[in-house]
Amino acid sequence: MRLSRFFLPILKENPKEAEIVSHRLMLRAGMIRQEAAGIYAWLPLGFRVLKKIEQIVREEQDRSGALELLMPTLQLADLWRESGRYDAYGPEMLRIADRHKRELLYGPTNEEMITEIFRAYVKSYKNLPLNLYHIQWKFRDEQRPRFGVMRGREFLMKDAYSFDLNEAAARVAYNKMFVAYLRTFARMGLKAIPMRAETGPIGGDLSHEFIVLAETGESGVFINRDVLDLPVPGEDVDYDSDLTPIIKQWTSVYAATEDVHDAARFEQEVPADKRVNTRGIEVGQIFYFGTKYSDAMKALVAGPDGVDVPIHGGSYGVGVSRLLGAIIEACHDDAGIKWPEAVAPFRVSILNLKQGDAAVDAACEKLYAELTAKGVDVLYDDTDQRAGAKFAAADLIGIPWQIMIGPKGLADGKVEIKRRSDGSRETMSPADAVARLV
Ligand code: ATP
Ligand code: MG
Ligand code: MG
Ligand code: MG
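Because the structure is a prediction, the values reported are computed rather than measured.

In this structure, what is going on with the pairing of strand S1 (residues 32-36)? I would like to understand it.
In the sheet, S1 pairs with strand S2 (residues 39-42) via four bridges, with the strands oriented antiparallel. Across the sheet, residue Ala-36 finds its bridge partner in S2, namely Ile-39.

Here you go:
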């Protein structure tokens, strides 16, 4: 992509409305634009990152055996009356009427709808286990939308729903999602720690929140420092094997949100020098809720003995759009964003330090063509901005690798490569630069 043809509306000034660094940087880097409180347009740079994150979430859901579908954003109120949540959900739910005065709502979550789909088709335990997920926009009329995409009103969520014959089987499904979540967040360069959590309005009796530590996070958390060093399962993890040893390893080290924190246990279990009380960002949550919805909505299957029983369910959310904020909170410096490679909007940026200089232009074009031909996502800064402005923009938008090409270096046959994550620089020939970055 040539920057001269891209749409990258970088802001020079710090936007006043942004209280935290990720919000500020997303606005300054031209990633998002607020259209109403908590409602954002995704500009091309932000959209590319959103899609990368979404794809990692999808790949790890698929690997665990979950199946993707897509449910609508609008739902019938009557469906929610069946579960009793239409009244219970309160003012966070956006309620709408169509021209026939039928009551609809913009879905804040999908337990009711997926249960309705399930019960329409699945009648026997032989079709279990089943885990269905989608990646779809949600609306919650948050009391205080803030921090940009971290607490939006419209936001993108991955939500999965598991269906099993009994509690033991449902726990197997829960464990799969637990492992898939460990892998998902690690692939994005995040340390997201599963913590014991309250189940909230979704109900049920077993839940973990996956939390990224950050001072700006909205959740208070208590952990044993050791949890930060636990190993994340590799991509060869066998989801058909018994995953309980992995779950045990992760849940036997103290990690809890403040809602369920047990001070006495914390002091007893965790040595004083390993106790950490800090804040964090909830990027995902998993629940086992048993027969809460299947009882209310009559989602029954025939068991091996032919008797109908309500299925045992779980639901599993990831805040796809919130993750952009969480990643930036974890990966930035004073100059801007430092994208982990896996989610970066482009992998490499080429900075032409003297646009209009025939030799420099030719070298940049050649490098751009070679890298692009080899499948590298490149943003080529071919604008006529001065070098200083190009450096600043490249640091701000956080592309992992910058290749700087100017007349002086080129006279020696060299370009400079800068790695955004640690600022390290190396000088080499253009051919070596290509070899390094493919
Ligand atoms: P929070 O405690 O932050 O309000 P939640 O517990 O209400 O989140 P869940 O119902 O567990 O949210 O939804 C699954 C995931 O969706 C959350 O873990 C979070 O990452 C994301 N999420 C929830 N609300 C928002 C929001 N208003 N804006 C962006 N992401 C959100
Ligand atoms: Mg909430
Ligand atoms: Mg929460
Ligand atoms: Mg939650």
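Is there a simple way to explain the layout of surface pockets in this structure?
Remark: the empty space left among the atoms is shown by a probe the size of a water molecule rolled over them. Space inside the largest pocket adds up to approximately 990 Å³. Lining the largest pocket are 44 residues, with Arg-140, Glu-209, Glu-282, Gln-285 and Arg-322 sitting closest to its centre. Looking at the lining of the largest pocket, the elements that each hand over two or more residues are strand S8 (154-164), strand S11 (219-224), strand S13 (275-290) and strand S16 (312-319). Among the elements that take part in the lining of the largest pocket, S13 stands out by supplying seven residues, more than any other. Looking at the lining of the largest pocket residue by residue, the class counts come to 15 nonpolar, 15 polar and 14 charged. Considered as a void within the structure, the second largest pocket measures approximately 410 Å³ in volume.

In this structure, what is going on with the nonpolar core? I would like to understand it.
Ranked by internal contacts, the top residues of the largest apolar core, which has 83 residues, are Met-31, Ile-53, Phe-185, Phe-210, Val-283, Leu-324 and Trp-339. Take this core: its biggest share by element is ten residues, from helix H6 (residues 167-187).

Just checking my understanding: could you explain the site of ligand 1 for this structure?
As a matter of local geometry, ligand 1 sits amid 14 residues, with Glu-142, Arg-151, Gly-152, Glu-282 and Arg-322 nearest to it. Between ligand 1 and the protein, one listed contact pairs a nitrogen atom with a backbone N or O atom of Met-150 at 3.3 Å. A distance of 3.4 Å separates an oxygen atom of ligand 1 from a polar atom in the backbone of Gly-284. Within the complex, 84% of the 580 Å² of free accessible area of ligand 1 lies under protein. Of all the cavities here, the one that holds ligand 1 is the largest pocket. Only S8 and S13 provide two or more residues apiece to the shell around ligand 1. For the shell around ligand 1, a count of residues per class yields five nonpolar, four polar and five charged.

Hey, could you run me through empty space enclosed by the protein in this one?
Under the counting rule described, the total for this entry stands at three cavities of 30 Å³ or more. Taken as a whole, the largest cavity holds about 70 Å³ of empty space. Lining the largest cavity, in full, are Leu-3, Leu-8, Ile-10, Ser-349, Ile-350, Leu-351, Leu-379, Asp-381, Lys-390, Ala-393, Ala-394 and Ile-397. Within the residue set of the lining of the largest cavity, elements represented by two or more residues are strand S19 (348-352), strand S20 (378-381) and helix H12 (387-397). No other element matches H12, which puts four residues into the lining of the largest cavity. What the second largest cavity holds in volume is close to 60 Å³. For the lining of the second largest cavity, the secondary structure elements donating two or more residues are helix H5 (111-121), S8, S13, helix H9 (292-297) and S16. Classifying every residue of the lining of the second largest cavity gives six nonpolar, six polar and one charged.

Before we go on, may I ask you to explain the side chain of Ser-349 in this structure?
Take Ser-349: it is sitting in strand S19. By relative accessible area, Ser-349 is classed as buried at 4%. Contacts of Ser-349, omitting those with residues within four sequence positions, involve Leu-379, Ala-394, Ile-399, Trp-401, Gln-402 and Ile-403.

Help me understand the pattern of salt bridges in this model?
Close approach of charged atoms allows side chains with opposite charge to pair. Considering all chains together, one arrives at 32 salt bridges under this definition. For Glu-112, the salt bridge goes to Arg-85, with nearest N and O atoms at 2.7 Å. One end of the pair, Glu-112, is in helix H5; the other, Arg-85, is in helix H4 (residues 85-88), with 27 residues separating them in the sequence. With a relative accessible area of 0%, Glu-112 lands in the buried category. Ionic pairing is found between Glu-218 and Arg-146, a salt bridge with its closest N-O pair at 2.8 Å. Here Glu-218 is found in the loop between strand S10 (206-213) and S11, whereas its partner Arg-146 is found in the loop between strand S7 (130-139) and S8, with 72 residues between them in sequence. Looking at Arg-146, the relative accessible area reads 22%, which means it is partly exposed.

So, how was this worked out
Residues numbered from 1 in each chain as written. Chains lettered and ligands numbered in written order. Predicted model: local features only at pLDDT ≥ 70, side-chain atom pairs only at ≥ 80, totals over all residues. Heavy atoms only, no water. Pairing = 2+ DSSP bridges. Helix = DSSP H or I, 4+ residues; strand = E, 2+ residues; numbered from the N terminus. 1 Å grid on protein atoms, 1.4 Å probe; cavity = no way out; pocket = protein on both sides within 12 Å on 5 of 7 lines; lining within 4 Å. Points joined across faces, edges and corners; volume = space filled by probe spheres on them. Nonpolar A, V, L, I, M, F, W, Y, C, P; charged D, E, K, R; others polar. Core = buried A, V, L, I, M, F, W, Y, C linked by side-chain atoms within 4.5 Å. Buried < 20%, exposed > 50% of the residue type's maximum accessible area, 1.4 Å probe, protein only. Near = heavy atom within 4 Å. Polar contact = N/O pair within 3.5 Å; in protein donor to acceptor, adjacent residues only side chain to side chain. Areas by Shrake-Rupley, 256 points an atom, 1.4 Å probe, with all protein chains shown as cover. Sits in = over half its atoms within 2 Å of the grid points. Contact = heavy atoms within 4.5 Å. Salt bridge = Lys/Arg side-chain N within 4 Å of Asp/Glu carboxyl O.

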